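# Structural characterization, general
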Amino acid sequence: MVLKSKHTGKLISFEGSEGSGKTSQIARLVERLQKMKRDVVTVREPGGTEIGEQIRNIIVHNSKGDEMCPETELLLFAAARAQLVREIIAPALMRGAIVLSDRYLDSSTVYQGIGRNLAADPVAQINRFAVGNVMPNLTIVIDVPTEVGLARIRQRASDLPDRMERENIDFYDKIREGYLVLAKGLPERFFVVDGKADAASTEKRVWEAVKPLVS
Ligand code: TYD
């Protein structure tokens with residue numbers, strides 16, 4: 001038990017493959033919620049705490065990263081998440097904030113489980129151990145075809161391809177499909193938004209899903 005009593009906070013996680021546009025959608029949602037004078041906290045995974053940022057560096061920018069085995073990768077993501085939950089997310093929810101998380105446990109289910117072929121059961125158990133009872137109230141998957149996502153990434157001049165982004169098209173196809181299957185199996189938590197269109201239409205769809213939860 002990480003969350004100790006009843007609280008009015010809401011945790012909304014954003015998921016999707018590379019270049020799905022989830023980070024800019026989160027920024028738009030934050031702006032909207034702040035205009036409504038809501039207490040909003042945003043976090044990103046992996047990272048979001050000092051310990052988490054250090055773990056992020058090991059995973060994402062490690063020049064010898066290709067040698068990292070998937071089991072280590074899973075445990076490092078889970079470690080960063082465990083810290084984030086206890087240090088930031090749970091206290092924010094306890095005071096009634098809306099917490100928007102740029103990736104959460106479903107990233108491990110999909111990237112390490114489906115993408116890197118780790119068995120689903122241990123991945124689920126490690127995920128559960130890391131987050132305790134802090135599950136998202138809503139998970140928005142921004143879905144874009146792999147080619148579209150990768151083309152967007154290549155356009156961001158500042159974004160040198162890091163270890164995770166050097167994966168091939170087949171890997172990202174698997175990730176995309178993984179999210180869609182996961183969402184289909186848990187329709188009460190997931191909401192899939194088509195991210196191909198312009199940012200403003202995507203924002204509208206995101207708001208349709210978020211509005212009932214926060215008003
Ligand atoms: P980041 O630069 O934050 O990418 P994005 O903007 O797409 O979120 O890098 C995070 C990378 O880590 C991304 O490729 C997804 C991957 N990842 C996992 O493989 N498992 C996880 O549990 C998490 C949180 C991220």
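Residues numbered from 1 in each chain as written. Predicted model: local features only at pLDDT ≥ 70, side-chain atom pairs only at ≥ 80, totals over all residues. Heavy atoms only, no water.

### A word on the site of the ligand
Using the following cut-off: Any residue with at least one heavy atom within 4 Å of a molecule or strand is counted as near it. In protein, a polar contact requires one atom able to donate a hydrogen and another able to accept it; more generally it is a pair of N or O atoms within 3.5 Å, and residues adjacent in sequence count only if both atoms are side-chain atoms. Methods summary: accessible areas were calculated by the Shrake-Rupley approach with a probe of 1.4 Å, and residue burial reflects only the protein chains presented. Numbering of helices and strands runs from the N terminus, with a helix taken as a DSSP run of H or I at least four residues long and a strand as a DSSP run of E at least two residues long. Residue type decides the class: Asp, Glu, Lys and Arg count as charged, Ala, Val, Leu, Ile, Met, Phe, Trp, Tyr, Cys and Pro as nonpolar, and the leftover types, Gly among them, as polar.
As a structural note, the neighbourhood of the ligand is formed by twelve residues, with Lys-22, Arg-81, Arg-103, Ser-108 and Gln-112 the closest of them. Here Arg-56 contributes a side-chain N or O atom positioned 3.0 Å from an oxygen atom of the ligand. Within the side chain of Gln-112, one N or O atom sits 2.8 Å away from a nitrogen atom of the ligand. Taken by itself the ligand offers 550 Å² of open surface, and the protein chains cover 90% of this. Going through the elements one at a time, helix H3 (70-94) and helix H4 (105-115) are the ones with two or more residues in the shell around the ligand. Per-class residue counts for the shell around the ligand are three nonpolar, three polar and six charged.

### Notes on the pairing of strand E1 (residues 10-15)
Definition in use: Each residue's exposure class comes from its accessible area (1.4 Å probe, protein chains only) as a fraction of the maximum for that residue type: buried when under 20%, exposed when over 50%, partly exposed otherwise. Paired strands, as defined in this entry, are two strands with at least two bridges between them according to DSSP.
Counting buried residues along E1, five of its six residues qualify, which places the element largely inside the surrounding structure. With five bridges joining them, E1 and strand E3 (residues 98-102) adopt parallel strand pairing. Residue Leu-11 lies in a different strand from E3, and its bridge partner there is Val-99. Relative to strand E4 (residues 138-143), E1 runs parallel, the two being bridged by four bridges. Bridge pairing links Ile-12 to Leu-138 in E4.

### Some details on the sheet that holds strand E2 (residues 40-44)
Worth spelling out the cut-off: Here the axes come from fitting lines to C-alpha atoms, over the contacting stretch only for helices, and the angles between their N-to-C directions go from 0 to 180 degrees. Whether two residues touch is decided by their heavy atoms; if any such pair falls within 4.5 Å, the residues are in contact.
As summarised here, the arrangement of the five strands in space is E2-E3-E1-E4-E5, forming an open sheet in which the pairing is parallel. The open sheet is flanked by E2 and strand E5 (190-194), the only strands paired with a single partner. Neighbour to neighbour, the strand axes of the sheet diverge by 20° on average, direction disregarded. Sitting on the sheet, H4 is in contact with E1, E4 and E5, with an inclination near 25° to E1.

Nothing here speaks to function; it is geometry throughout.
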